[in-house]
Amino acid sequence: MKRQEIRVKVDGYTRVCLGAIAVLLTVLVVGLWAGDWRSPQPASAADSIMNAGDQRMAMVRSMEAQNAKLEQLIALLKDGKAKIMVVDEDGKVVSGGPQGGQQK
């Protein structure tokens, strides 16, 4: 059996197309190796948006608890069960003490 030699001639247009394909494949491989920086945000970022109603309800509950504590404090101050005294650095009562006025 005789060996035949086959020759393929490639014109300029085909060379340009093959070169462009090779460059694009190289860019694709490098991009996959380096990691895709255009990837979307993780799903956990969307969870915070979905739970916005729950977050607001938690804030409302916290504010209601603070309001209840403030009401208790106001009631103590109005009844006279709690008194406010201002004391200087030496420990002397400046105002609101047993003498009920300012001392110097």
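Reading the values: rules and limits
Residues numbered from 1 in each chain as written. Predicted model: local features only at pLDDT ≥ 70, side-chain atom pairs only at ≥ 80, totals over all residues. Heavy atoms only, no water. Helix = DSSP H or I, 4+ residues; strand = E, 2+ residues; numbered from the N terminus. Expected span 1.5 Å × (residues − 1). Salt bridge = Lys/Arg side-chain N within 4 Å of Asp/Glu carboxyl O. Buried < 20%, exposed > 50% of the residue type's maximum accessible area, 1.4 Å probe, protein only. Patch = residues over 30% accessible without salt bridge, like charges linked within 9 Å, V, L, I, M, F, W, Y side chains within 5 Å. Areas by Shrake-Rupley, 256 points an atom, 1.4 Å probe, with all protein chains shown as cover.

A.B. asks: Could you clarify how one ought to interpret helix α3 (residues 52-79) in this entry?
C.D. replies: In an α-helix, one full turn covers 3.6 residues, which means residues spaced three or four apart are oriented alike. End to end, α3 covers 41 Å across 28 residues, agreeing with the expected 40 Å (1.5 Å per residue, within 8%). Glycine 80 sits one or two positions beyond α3 and adopts a positive phi of about 85 degrees.

A.B. asks: Please clarify how the pattern of salt bridges should be interpreted in this entry.
C.D. replies: Oppositely charged side chains can form a pair if their charged atoms are brought close together. Under the defined criterion, the tally for this structure stands at one salt bridge. Between arginine 7 and glutamate 5 there is a salt bridge; the shortest N-O distance is 3.1 Å. Overall, arginine 7 belongs to the exposed group, its relative accessible area being 72%. Accessibility expressed as a relative area gives 64% for glutamate 5, which makes it exposed.

A.B. asks: How should a nonpolar patch on the surface be read in this particular structure?
C.D. replies: A contiguous nonpolar patch, built from Leu70, Leu73, Ile74, Leu76, Leu77, Ile84 and Val86 and spanning about 610 Å² of accessible area, is present on the exposed surface. Tracing the backbone through its elements, the reader meets leucine 73 in helix α3. By relative accessible area, which is 44% here, leucine 73 ends up partly exposed.

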